[in-house]
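# Tertiary structure, described
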Amino acid sequence: MKRSADTVRKWSEIILGQLGNPRVFALNVDEVDDVNALILDSGTVPGPTLRTLSEKAPEDIRSGVRTFVSLHPSGCGSGVRLPDSLPEHQVVLMLAEQLQEEVWESTGGEPVPACPGHQHPAKADSANEVPSWVCPRDGHVLRPILPAGTPE
Ligand SMILES: [Zn+2]
């Protein structure tokens, strides 16, 4: 199934809200024919010339969505490659982990999202295939990452 950039953008915004709503300087979400294609610095989309440089077997070329987020005025940031072939719960987890890292990086390690009663942040994990925020110590499921009814 082809995953739309709009869907992934919406998920990113929901997750960033749960991570304390940091100031976002860039949030790029692109549907790409090959998530593993060569990427230049700061999320530049490779042109047709670059694409022909990556000679790969057709089965290695996987369509998907590629993200880039920056929480710095300088535009520094990082992204994640989300192949369409992965199930939704896995993609949401990858996105949550990446955005959490980026928030930690920009805040110097603020423990978000909070794990009630604990010093550590909650961890993105799968609870019966539902991507959730989970206590990394006792495995207690705090809440689903995407609220029920989030459109795909
Ligand atoms: Zn905890």
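A short tour of the structure in this document, coming up. Note that this is a predicted model, so its numbers are computed, not measured.

This brings us to unusual backbone geometry. In this structure, Pro113 follows Val112 across a cis peptide bond, with omega equal to -10 degrees. Position of Pro113 relative to the elements: it lies in the loop between helix 3 (88-107) and strand 5 (123-127). Phi is positive for Glu129, which is not a glycine, with a value near 70 degrees. Structurally, the position occupied by Glu129 is in the loop between strand 5 and strand 6 (130-134).

Glancing now at the coordination of the zinc ion. Summarising the metal site, the zinc ion is bound by the protein donors Cys115 (SG), His118 (ND1), His120 (NE2) and Cys135 (SG), whose distances to it range over 2.0 to 2.3 Å. One can describe the donor arrangement at the zinc ion as tetrahedral, given that its 4 donor atoms subtend angles of 100 to 113 degrees at the metal. Read in sequence order, the donor residues coordinating the zinc ion give the pattern C-x2-H-x1-H-x14-C. There is no split in this pair, since Cys115 and His120 are both buried.

So, on to helix 3. Taking 1.5 Å of rise per residue, the 20 residues of helix 3 would be expected to cover 28 Å, and the 28 Å separating its terminal C-alpha atoms lies within 8% of that figure. Restricting attention to buried positions, one finds in helix 3 the residues His89, Val91, Val92, Leu93, Leu95, Ala96, Gln98, Leu99, Gln100, Glu102 and Val103. A positive backbone phi angle near 75 degrees is found at Gly108, which sits one or two residues after helix 3.

The next subject is the nonpolar core. With 27 residues, the main nonpolar core has Ile15, Leu95, Trp133 and Ile145 as its most contacted residues. The set of elements that each furnish at least two residues to this core consists of helix 1 (5-18), strand 1 (26-32), strand 2 (64-70) and helix 3. Looking at this core element by element, the count peaks at 7 residues for helix 3. Leaving out residues up to four positions away in the same chain, Ile15 has contacts with Val92, Leu95, Ala96, Leu99, Trp133 and Ile145.

Let us look at the pattern of salt bridges. All told, the structure shown has 2 salt bridges when counted by the stated rule. With a closest N to O distance of 3.8 Å, Lys123 and Asp125 form a salt bridge. Looking at Lys123, the relative accessible area reads 40%, which means it is partly exposed.

Let us now look at helix 1. With 14 residues, helix 1 extends 20 Å between its outermost C-alpha atoms, agreeing within 8% with the 20 Å of an ideal straight helix rising 1.5 Å per residue. Within helix 1, the full set of buried residues consists of Ala5, Thr7, Val8, Trp11, Ser12, Ile15, Leu16 and Gln18. Summarising the axial view, the buried residues of helix 1 lie within an arc of 165 degrees, below the 170-degree limit, and thus occupy one face. Within two residues after helix 1, Gly20 carries a phi angle of roughly 90 degrees, on the positive side.

Time to look at the sheet that holds strand 6. Read from one edge to the other, the open sheet built from 3 strands follows the order 5-6-7, with strand pairing classed as antiparallel. In this open sheet, the two strands that pair with only one neighbour each are strand 5 and strand 7 (141-144). Across the sheet, the axes of successive neighbouring strands diverge by a mean angle of 45 degrees, strand direction being ignored. Bridge analysis of strand 5 against strand 6 gives 5 bridges, and the strand direction is antiparallel. Residue Lys123 lies in a different strand from strand 6, and its bridge partner there is Val134.

Below, the discussion takes up the environment of Asp6. Inspection of the secondary structure assignment puts Asp6 in helix 1. Spatially, the C-alpha atom of Asp6 lies 8.9 Å from that of Asp30, the residues being 24 residues apart in sequence.

Quick notes on the rules
Residues numbered from 1 in each chain as written. Predicted model: local features only at pLDDT ≥ 70, side-chain atom pairs only at ≥ 80, totals over all residues. Heavy atoms only, no water. Helix = DSSP H or I, 4+ residues; strand = E, 2+ residues; numbered from the N terminus. Donors = N, O, S within 2.8 Å, 3.2 Å for Na, K, Ca; no water. Tetrahedral: all angles 85-135°; square planar, octahedral: opposite > 155°, others 65-115°. Buried < 20%, exposed > 50% of the residue type's maximum accessible area, 1.4 Å probe, protein only. Expected span 1.5 Å × (residues − 1). Core = buried A, V, L, I, M, F, W, Y, C linked by side-chain atoms within 4.5 Å. Contact = heavy atoms within 4.5 Å. Salt bridge = Lys/Arg side-chain N within 4 Å of Asp/Glu carboxyl O. Arc of directions from axis to C-beta. Pairing = 2+ DSSP bridges. Axes fitted to C-alpha atoms, helices over the stretch in contact; angles between N-to-C directions.

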